[in-house]
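Here's the letter readout for the chains.
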Amino acid sequence: MLRKGQEEFITITIAPGQIALGAMRHVPRFIAEVWRTSPKLTALGIFLRLIRALIPAAMLFVGKQIIDTILPLIGQGAAVDLTDWIFSPAAQPLLLWIAAEFALALAADLIGRVTGMVDVLLTERYVNAMSVRLMEHAASLDLAHFESADQQDRLDRARRQASGRGNLLGQVLGFAQSIITILTFAVGLALYTPWLVLLVALALIPGFVSEAHFNTLAYRLNFRKTPERRTLDYLRYLGASVETAKEVKLYGLGGYFITRFSKLAADLYRASRLLAQRRAAWGGFFAIIATSAYYSAYLLVIWHTVTGTLTLGDLTFLGGSLLRLRTLLETLLLGLSELAAQSLYLDDLFSFFAIRPDIVRPVNAVPVPEPIRQGFSLRNVGFRYPGTNDWVIRGLDLDIGAGEVIALVGENGAGKSTLVKLLCRLYDPDEGEILLDGVDLRCYDPVALQQHIGVIFQDFVRYDVSARDNIAMGRIDDRERLDLIQSAAQRSLADTIIAKLPRGYDQPVGKRFTDGYDLSGGEWQRIAIARAYMRDAQILVLDEPSAALDARAEHEVFQRFKELAEGRMVVLISHRFSTVRMADRIVVLEHGRILEMGTHAALLAKGGRYADLFELQANGYR
Ligand SMILES: Nc1ncnc2c1ncn2[C@@H]1O[C@H](COP(=O)(O)OP(=O)(O)OP(=O)(O)O)[C@@H](O)[C@H]1O
């Protein structure tokens, strides 16, 4: 099942049969984006390239003038020494031309260097700006855009394009520069012999079409193979990373991952090799045609010179122009197809930017009630994850009163975490409605609603930053308020852990950076719970909050939690009945439906599934 934003996304990605030139449609937008990053630098880059583009033809023209001016002078200056000759009237026109060539050479060199510098600066600014845009856009999207494998491929490609396509700028501008230079040569050549230009151009066209075609194929191959490439990255990660090292070593998995990697890499290599071989064969064939055309043209120019139709200067100019034109056209050809290929990749980035979130602020958003008076009411709620057909939750009716502590229990996959995601509006139900104080959740601004919810998921993030910032992530605007951070840490019992750290609250934690201090699973969990307290939210959601806590810690954390949660709504997911029994009401879920509901005592007395599960766990302790 596709949602609105996703459909849009899919229709704008590359259509089969699209030719490489079609991919160039992104170039104007690309230039506009670069321009937006820095109008001044972009204008300077374009201006310098324009000047630089005119220099080669100017130099050849000056070269022709030098030769034509030298020819009548040959032999006349033999008896004169250099100084006399330089000041002689006859040498003046020649010296002027030499000075002009010298100035042009200097200008070409200097402009080349400044252009290089401008490119580097602009590229860095563009890459940074695109990365920021990517992060901003990702932050605006729904969770659904991240959770499916298909969407991860797209995100993956977009992320690569944001950081990897900087050199495109140099290519685009260099390409424009080559075109202008070619035009100047072509005009120069056409003034003498128009058919020369036509001959060379015609000879190069088939090569261009072939290059463009193979670039499209290469892009399609890459596009199709994104899942395989992601698998390769993943296998590389499994085989060589700190997070997996323990298990890989103990289970002896190194060889297995290497074999899988090598097999997959070999498949990909075969596909790339086939394409590369076909490309080289066709490219070679068309190159022979182009070179033959060039030499035929050259022969004709020489013949015209020998027969006296062209001067020696003309020969130098035409020969030089032809040679340059050939190399330039060839570079342009390769550049164009390269550019088209690169530009095709821009499709990934721009189409990622085109995805729109579905969960957005409604026009007349209702303010979130403070305090919440009635709580949540779920009416006949049904939900399927996008792209799947199985109902994870179906026909669910549930009221969670303001100030109530409710526990969700049920076997793995019963839909507990999914229900929490719906309450936090990370997803919208496909059927039924969820009301908060009698108003549909869709009528609130999702950001405002989420500000009132402090949630810790079972797969909470372990930020590789200081202990202090780890807690502050719960309310990042208050990251300077050490008093708030300390009080959150006290409530979650993280303060005793932080007290043991060499640098206290400023201690970087986690293994990623050299001075990081790694914590145990339970210690991380206490830090994460502090993050939820930092929120000072009206609704607290703890998804398996005690999984890694030891028995004493769990008891203390929850004792406190009960006291501190006074007046707030709490939704608690846990497989530990010692925790669950503290709840005001327990909801037993099975296959996304409510099986039983009531207090611990009532459910035990009922002797149903809850009582069975409780007995099972209690027996384990006896
Ligand atoms: N992003 C997702 N895309 C597709 N299916 C999903 C996704 N997340 C969860 N599911 C499926 O939804 C069902 C319910 O998952 P959920 O995480 O809500 O269960 P749970 O009750 O919290 O389980 P546990 O006790 O193991 O945490 C599972 O069958 C799971 O495979």
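None of these values were measured; they are calculated from a predicted model.

## Topic: the overall build of the chain
Looking only at helices and strands, the chain has 24 helices and 10 strands in total. Principal-axis analysis of the C-alpha atoms places the extent of the chain at approximately 125 × 60 × 50 Å.

## A few points about the sheet that holds strand β3 (residues 405-410)
Pairing is mixed in the open sheet, where six strands are placed in the order β6-β7-β8-β3-β9-β10. Strands with a single pairing partner mark the edges of an open sheet, and in this sheet they are β6 (453-456) and β10 (593-598). Going from strand to strand, the sheet's axes swing by 15 degrees on average, the running direction of each strand aside. In the packing of helix α15 (residues 416-423) onto the sheet, contacts are made with β3, β7 (539-543), β8 (569-573) and β9 (585-590), and the angle to β8 comes to roughly 155 degrees. Taken strand by strand, helix α20 (residues 521-534) contacts β6 and β7, and its axis lies near 170 degrees from that of β6.

## Brief notes about the UniProt feature "transmembrane region" (unreviewed entry) in the chain
Mapped onto the present numbering, the UniProt feature "transmembrane region" (unreviewed entry) falls at residues 168-189, 195-214 and 280-303. The straight-line gap between the two end C-alpha atoms of residues 168-189 is 31 Å; of that span, 100% is helix and 0% is strand. Secondary structure within residues 195-214 divides into 100% helix and 0% strand; the distance between the first and last C-alpha atoms comes to 30 Å.

## Thoughts on the sheet that holds strand β1 (residues 375-383)
Ordered by their spatial adjacency, four strands build an open sheet running β2-β1-β4-β5, and the pairing between neighbours is antiparallel. Looking at which strands have only one partner, the edges of the open sheet turn out to be β2 (393-401) and β5 (439-440). Helix-sheet contacts for α15 involve β1, β2 and β4 (431-436), and the interaxial angle to β1 is about 120 degrees.

## Topic: α15
Among the eight residues of α15, six are classified as buried, and the element is accordingly described as predominantly covered. Downstream of α15 by a residue or two, R425 has a phi angle that is positive, lying close to 60 degrees.

## Concerning the packing of helix α4 (residues 39-73) against helix α9 (residues 168-192)
Closest axis-to-axis distance for the α4/α9 pair is 8 Å, and the angle between their directions is 30 degrees. Overall, the two elements α4 and α9 adopt an arrangement that is roughly parallel. For α4 against α9, the interelement crossing comes out right-handed. Residues G45, I46, R49, L50, R52, A53, L54, P56 and A57 of α4 touch α9, and the partners they reach there are L173, A176, Q177, I180, T181, T184, F185 and G188. Residue composition of the contact of α4 with α9, grouped by class: 10 nonpolar, five polar and two charged.

## Overview of the domain arrangement of the chain
Taken domain by domain, the chain consists of domain 1 (4-354), domain 2 (365-452 + 539-622) and domain 3 (462-536). In this structure, domain 1 and domain 3 have C-alpha centres spaced 49 Å apart.

## Overview of the site of the ligand
Taken together, E147, Y385, T388, V392, G410, N412, G413, A414, G415, K416, S417 and T418 make up the full set of residues near the ligand. Its residues placed into classes, the shell around the ligand shows three nonpolar, seven polar and two charged.

## Overview of the packing of α4 against helix α6 (residues 92-140)
One way to put it is that α4 packs onto α6 with a least axis distance of 8 Å and a crossing angle of 160 degrees. In terms of orientation, α4 lies roughly antiparallel with respect to α6. Remark: the crossing between α4 and α6 carries left-handed chirality.

## So, the pairing of β3
Judged by how many residues are buried, β3 sits mostly within the fold: six of six residues are covered. Residues V405, A407 and V409 point to one face of β3 and I406, L408 and G410 to the other, with burial holding for every one of them. Judged from the four bridges that link them, β3 and β8 form a sheet pairing that is parallel. If you follow V405 over to β8, its bridge partner there is V570. Strand direction decides the pairing type here: β3 and β9, joined by five bridges, are parallel. By the bridge assignment, I406 is partnered in β9 with R585.

## Observations concerning the environment of G504
With respect to the helices and strands, the residue G504 is situated in the loop between α19 (495-500) and α20. Through-space distance from the C-alpha of G504 to that of H600 is 40 Å; in sequence the pair is 96 residues apart.

## Section: the nonpolar core
Counting 69 residues, the largest nonpolar core has I406, I471, A530, V541, V571, L572 and I586 as the members making the most contacts within it. For this core, the element with the most residues is α20, which contributes eight residues. Each of domain 2 (365-452 + 539-622) and domain 3 (462-536) gives at least three residues to this core.

## Structural notes on the environment of E33
Along the chain, E33 turns up in helix α3 (residues 26-37). For E33, a count of 19 C-beta atoms within 10 Å puts it in the partly exposed group. Here the alpha-carbon distance between E33 and M130, two residues 97 residues apart in the chain, equals 8.7 Å.

Each value, and the rule that gives it
Residues numbered from 1 in each chain as written. Predicted model: local features only at pLDDT ≥ 70, side-chain atom pairs only at ≥ 80, totals over all residues. Helix = DSSP H or I, 4+ residues; strand = E, 2+ residues; numbered from the N terminus. Pairing = 2+ DSSP bridges. Axes fitted to C-alpha atoms, helices over the stretch in contact; angles between N-to-C directions. Contact = placed C-beta atoms within 7 Å. UniProt positions renumbered as here; feature names shortened; annotations may be inferred. Buried ≥ 20, exposed ≤ 12 C-beta atoms within 10 Å, placed from the backbone. Parallel < 35°, antiparallel > 145°, perpendicular 65-115°, else oblique. Left-handed = near helix turned anticlockwise from the far one by under 90°. Nonpolar A, V, L, I, M, F, W, Y, C, P; charged D, E, K, R; others polar. Domains from an automatic or database assignment. Near = placed C-beta within 6 Å. Core = buried A, V, L, I, M, F, W, Y, C linked by C-beta atoms within 7 Å.

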